[in-house]
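# Descriptive structure summary
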Amino acid sequence: MEYWNRSRQSPLPVKNKLRELRAARAWSQSNLAEQLSVSRQTINAIETGKYDPSLPLAFKLARLFALPIEEIFSDVD
Amino acid sequence: MTKEYIADTEPLSERDLKIKKDLVATAWLGATTVTYLVTLFLVQDNPNWAPLLGVGMALLPLLPGIMYLRKLWGSFQSLDEMQRRIQLEAWSFAMAGTVVVTTVLNVLNAHGLGWENYPHGLEIGGVFITMFMLWSIGTAVAKARYR
């Protein structure tokens, strides 16, 4: 039973503090997107939790905000 | 005077460059469509053409079509990771949907339940149109999921 249910398990939910960090620096989504070479829609999707960034993008974010990745992204638990 | 004119021209902004690339791609798509329609009528109106000429005319739309596909491929290279995922989902949906639609239509035709104007099932042009429509729908649905 567990085998058949495995594919139905949802991926680990991830939270992020991107919106707060961006607001603290008075950056718009477009500003942030330009610095990361991604689209504004990608930034919006990350902030609203609809999209989880890849590892390289997560590292870029961490470098940009000068914070460890764990302080920007965390799982729900 | 020519050198001064060139030196005064500012390089295009990123947004303008993207618009220019989109316009060029659309122009090639338009050329493909026009060439396809013209050669379609020419081939239908001239059934007595030599086979080689007929085949050549029928394949002529491929030339601007390949140029359009090159531009489309190039545009995919400039997409960010989320946009690439959206396109992956859209193209997967389009391919699977086209297989389903063409299979259903051909099976209906084989059992005499098809459309009398298309006794041989969905022609290649219809397959492309179906695939493009499904890709458009797939893109819209995938984008909405990430909004």
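Keep in mind it's a predicted model, so treat the numbers as computed, not measured.

## Quick word on the overall build of chain B
- Summing up its helical and strand segments, chain B has 6 helices and 0 strands in all.
- Along chain B, helices and strands appear, N-terminal first, in the series α-α-α-α-α-α.
- The contacts in chain B between residues at least 6 apart in sequence include a share of 61% that link residues at least 24 apart.
- As displayed, chain B offers around 11,300 Å² of accessible surface, 70% of which is attributable to carbon and sulfur atoms.

## Observations concerning the overall build of chain A
- When helices and strands are counted, chain A shows 6 helices and 2 strands.
- The helix and strand sequence of chain A, counted from the amino end, reads α-β-α-α-α-α-α-β.
- Taken over 77 residues, chain A has a buried fraction of 32%.
- Pairs at least 24 apart in sequence give 55% of the contacts found in chain A among residues at least 6 apart.
- Total accessible area on chain A stands at roughly 5,400 Å², and carbon and sulfur atoms take up 53% of it.

## Overview of the interface of chain B and chain A
- With 8 residues of chain B at the interface, the matching set in chain A holds 12 residues.
- Together chain B and chain A conceal approximately 810 Å² of surface at their shared face, both sides included; 48% is due to carbon and sulfur atoms.
- Per-residue buried area on chain B facing chain A is highest for B:D80, B:E81 and B:M82; these three make up 59% of the total on that side.
- The tally of links between chain B and chain A comes to 0 salt bridges.
- The leading source of residues in the side of chain B that touches chain A is helix α5 (residues 81-110) of chain B, at 4 residues.
- Broken down by class, the residue content of the side of chain B that touches chain A amounts to 2 nonpolar, 1 polar and 5 charged.

## Section: the pattern of salt bridges
- For the structure on display, the rule yields 3 salt bridges over all chains.
- With a shortest N-O distance of 2.7 Å, B:E89 and B:R145 are connected by a salt bridge. Taken together, the residues B:E89 in helix α5 and B:R145 in helix α6 (residues 124-145) connect sequence positions 56 residues apart.
- Within this structure, A:R19, A:R22 and A:E47 form a network of salt bridges that share partners.

## Topic: a nonpolar patch on the surface
Residues and elements named next belong to chain B.
- Where nonpolar side chains cluster on the molecular surface, the patch consists of V100, V101, V104, L105, L108 and L113 and spans about 470 Å² of accessible area.
- Its location among the elements puts L105 in helix α5.
- Exposure remark for L105: the relative accessible area of 33% places this residue in the partly exposed category.

## Comments concerning the environment of B:T33
- Mapping B:T33 onto the fold places it in helix α2 (residues 14-45).
- Take B:T33: its relative accessible area is 42%, and that puts it in the partly exposed class.

## Focus: the packing of aromatic side chains
- Tallied over the entire structure, the rule returns 4 aromatic pairs over all chains.
- Pairing A:W27 with A:F65 gives two aromatic rings, centres 5.6 Å apart and planes at 35 degrees, and the pair type is tilted. Here A:W27, found in the loop between α2 (18-24) and α3 (29-36), pairs with A:F65, found in helix α5 (residues 55-65); they are 38 residues apart in sequence, far enough to count as distant.
- Judged by centre distance (5.9 Å) and plane angle (85 degrees), the rings of A:Y51 and B:Y146 are edge-to-face. Taken together, the positions of A:Y51 in the loop between α4 (40-47) and α5 and B:Y146 in the segment after α6 put the pair across two chains.
- Given the relative accessible area of 5%, B:Y146 is considered buried.
- By way of ring pairs, the aromatic residues B:W91, B:F132 and B:W135 are connected into one cluster.
- It is B:R145 that lies over the ring of B:Y146; its NZ or CZ is 5.4 Å from the centre.

How each quantity is defined
- Residues numbered from 1 in each chain as written.
- Chains lettered and ligands numbered in written order.
- Predicted model: local features only at pLDDT ≥ 70, side-chain atom pairs only at ≥ 80, totals over all residues.
- Heavy atoms only, no water.
- Helix = DSSP H or I, 4+ residues; strand = E, 2+ residues; numbered from the N terminus.
- Contact = heavy atoms within 4.5 Å.
- Areas by Shrake-Rupley, 256 points an atom, 1.4 Å probe, with all protein chains shown as cover.
- Buried < 20%, exposed > 50% of the residue type's maximum accessible area, 1.4 Å probe, protein only.
- Buried area = accessible area lost by both parts, 1.4 Å probe.
- Salt bridge = Lys/Arg side-chain N within 4 Å of Asp/Glu carboxyl O.
- Nonpolar A, V, L, I, M, F, W, Y, C, P; charged D, E, K, R; others polar.
- Patch = residues over 30% accessible without salt bridge, like charges linked within 9 Å, V, L, I, M, F, W, Y side chains within 5 Å.
- Phe/Tyr/Trp six-rings, centres within 6.5 Å; stacked < 30°, edge-to-face > 60°.
- Lys NZ or Arg CZ within 6 Å of the ring centre and 35° of its normal.

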